[in-house]
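Here are the chains, one letter per residue:
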Amino acid sequence: MTRHFLKDDDITSKEQAEILNLALELKASPYSHRPFAGPQTVALIFDKTSTRTRVSFAVGVADLGGVPLVIDSQSSQMGGKESVADTARVLERQVAAIVWRTYAQSGLEEMAANSKVPVVNSLSDDYHPCQLLADLLTIKEHKGSLAGLKIAYIGDAANNMANSYLIACAMAGMHVALAAPNGYSADAAIVSRASSIAATTGGSVSTFTNPNDAVVDADVVTTDTWISMGQESEKQKRIDDFSGYTIDSNLMAKAKSDAIFLHCLPAYRGYEVSAEVIDGPQSVIWDEAENRLHAQKALLVWLAAHAK
């Protein structure tokens, strides 16, 4: 049966570990797996602008022996003259996998329901699971293991990054602490789901409104932009609402002395994070950005193996 990766828990905790170990293998030996040799084509569909996602998937598909076919939705029929379901039926006969950076999670679900080849969520309004594979890979590299570590996420907890941090880190047996101002708290259903997962992996989930409480003794500190795509009109209100949530050296000092800092990028220095932190010695953001390539290659190799 074809496997898809639309949200973080579309794989099991064991499978997550397998993919991360494979990513380490591919990072050490980039051309050791060539599932798309032929070459086969992988469709990379973009409804939203992109730098890291576009580059890492295009390079990754090529590394795996395939041809990346980049499709900007504005220049295709999809979602306009042609339904997502019909697009899936066209693509599945010509490509080995479909990667889609889009808005509604429901579109990805419709694509997967009508595709016999793997469909990968490279970002949606609800989840960013490929980013979390890269983040977990980065943490594993710097800390040696994942289970038992504490990760503190500070900022907008009502977005796709927070959702994925909750679920993916709980799957890895980590202790997840989120701090967000009132009005930007994590979705209760996602928190409940993550808590249920954590109960089986030895992890935990906790939520706060005070960032100081969340960061205490953290092994990893992370955040995301306060103003995501489509929220530009809310910029000043969000800046005001998130006052006190900037990750600066004073806040980082409450974490463990060897804590690392993550940010999925793009970052806005002086808002969600200070320059002294993101450009400082605890920041591993460039490793994190590179690891999108290795983690996504591992995911595609794993999905290709499970599509046979």
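In this structure, what is going on with the environment of Asn160? I would like to understand it.
Here Asn160 lies in helix H6 (residues 160-171). As for Asn160 and Val176, which are separated by 16 residues in sequence, their C-alpha atoms are 15 Å apart. Apart from the residues lying within four places of it in its own chain, the contact partners of Asn160 are Leu123, Ser124, Asp125, Asp126, Tyr127 and His128.

Sorry, what's going on with the pattern of salt bridges here?
Should their charged atoms come close, side chains of opposite charge can pair. This model, assessed by the stated rule, comprises 15 salt bridges. Of the charged contacts in the structure, one is a salt bridge between Lys7 and Asp10, with a shortest N-O distance of 2.8 Å. Across the pair Asp86 and Arg89 runs a salt bridge, and its minimum N-O distance is 2.9 Å. A residue pair is termed a helical-turn pair when its members lie 3 or 4 positions apart in one helix, as Asp86 and Arg89 do in helix H3 (residues 84-91) at three residues.

In this structure, what is going on with the packing of aromatic side chains? I would like to understand it.
Each aromatic ring pair is specified by the distance between its two centres and by the angle formed by the two planes. Under the definition given, this model contains five aromatic pairs. Plain terms: the ring middles of Trp226 and Phe242 are 5.3 Å apart, the flat faces sit at 15 degrees to each other, and that makes the pair stacked. You can see Trp226 sitting in the loop between strand E8 (220-223) and helix H9 (235-241) and its partner Phe242 sitting in the loop between H9 and helix H10 (249-252), a full 16 residues away along the chain. Judged by centre distance (6.2 Å) and plane angle (90 degrees), the ring pair of Phe242 and Tyr245 falls under edge-to-face.

What is the right way to look at the nonpolar core in this model?
One recurring pattern in soluble globular proteins: nonpolar side chains tend to sit buried together. Ranked by internal contacts, the top residues of the largest apolar core, which has 92 residues, are Leu136, Ile139, Leu166, Met174 and Ile247. By size, the runner-up hydrophobic cluster in this structure holds 16 residues, among which are Ala43, Ala88, Leu91 and Val119.

I'm lost on the sheet that holds strand E5 (residues 150-154) in this one. Help?
Within a sheet, neighbouring strands are paired by backbone hydrogen bonds and run either parallel or antiparallel to one another. Taken in spatial order, the five strands make up an open sheet running E7-E6-E5-E8-E9, and their pairing is parallel. Of all the strands in the sheet, just strand E7 (204-208) and strand E9 (260-263) have a single pairing partner and so form its edges. Across the sheet, the axes of successive neighbouring strands diverge by a mean angle of 20 degrees, strand direction being ignored. In this fold helix H5 (residues 129-143) packs onto E5, E8 and E9, with an angle of close to 165 degrees to the strand it touches most, E9.

Could you clarify how one ought to interpret helix H4 (residues 105-113) in this entry?
Because an α-helix packs 3.6 residues into every turn, residues spaced three or four apart end up facing the same way. Turning to H4, its buried residues number three or more, namely Gln105, Gly107, Leu108, Met111 and Ala112. The arc that holds every buried residue of H4, seen down its axis, measures 155 degrees, which confines them to one face. Each element contacted by the buried residues of H4 is listed here: strand E1 (41-46), H3, strand E3 (97-101) and strand E4 (119-123).

Explain the environment of Pro68 to me, please; I cannot follow it from the model alone.
Inspection of the secondary structure assignment puts Pro68 in strand E2 (residues 67-72). In this view, Pro68 contacts Val42, Leu44, Ala58 and Val61; residues no more than four positions away in its chain are not counted.

Looking at this structure, I do not really get the environment of Glu276. What am I missing?
Along the polypeptide, Glu276 turns up in helix H11 (residues 275-278). In the structure, Glu276 is positioned 28 residues away from Asp248 in sequence and 7.1 Å away in space, judged by C-alpha atoms. Setting aside anything within four residues of it in sequence, one finds Glu276 in contact with Asp248 and Ser249. In terms of polar contacts, Glu276 uses its side chain to reach the side chain of Ser249, at 2.9 Å.

When you look at the pairing of E2 in this model, what are you seeing that I'm missing?
Two faces, one strand: in a regular strand the side chains alternate between the faces of the sheet. Of the strand pairs in this sheet, E1 and E2 are connected by six bridges, and their pairing is parallel. Each residue of the ladder has a partner; that of Thr41, found in E2, is Val67. The handedness of the E1 to E2 crossover, carried by helix H2 (residues 52-63), is right-handed.

Sorry if this is basic, but what is going on with the sheet that holds E1 here?
Strand order in this open sheet of four strands is E2-E1-E3-E4, and the pairing throughout is parallel. Among the strands making up the open sheet, the edge pair consists of E2 and E4. When strand polarity is set aside, the average angle formed by the axes of neighbouring strands in this sheet is 20 degrees.

Can you walk me through the side chain of His4 in this structure?
Within the secondary structure, His4 sits in the segment before helix H1 (13-28). For His4, a relative accessible area of 17% puts it in the buried group. Within the structure, the side chain of His4 is placed 3.3 Å from the backbone oxygen of Ala112, a separation counted as a polar contact. Among the polar contacts listed, one links the side chain of His4 to the backbone nitrogen of Val119, at a separation of 2.9 Å.

Reading the values: rules and limits
- Residues numbered from 1 in each chain as written.
- Predicted model: local features only at pLDDT ≥ 70, side-chain atom pairs only at ≥ 80, totals over all residues.
- Heavy atoms only, no water.
- Helix = DSSP H or I, 4+ residues; strand = E, 2+ residues; numbered from the N terminus.
- Contact = heavy atoms within 4.5 Å.
- Salt bridge = Lys/Arg side-chain N within 4 Å of Asp/Glu carboxyl O.
- Phe/Tyr/Trp six-rings, centres within 6.5 Å; stacked < 30°, edge-to-face > 60°.
- Core = buried A, V, L, I, M, F, W, Y, C linked by side-chain atoms within 4.5 Å.
- Buried < 20%, exposed > 50% of the residue type's maximum accessible area, 1.4 Å probe, protein only.
- Pairing = 2+ DSSP bridges.
- Axes fitted to C-alpha atoms, helices over the stretch in contact; angles between N-to-C directions.
- Arc of directions from axis to C-beta.
- Polar contact = N/O pair within 3.5 Å; in protein donor to acceptor, adjacent residues only side chain to side chain.
- Right-handed = clockwise from strand over helix to strand, strands pointing away.

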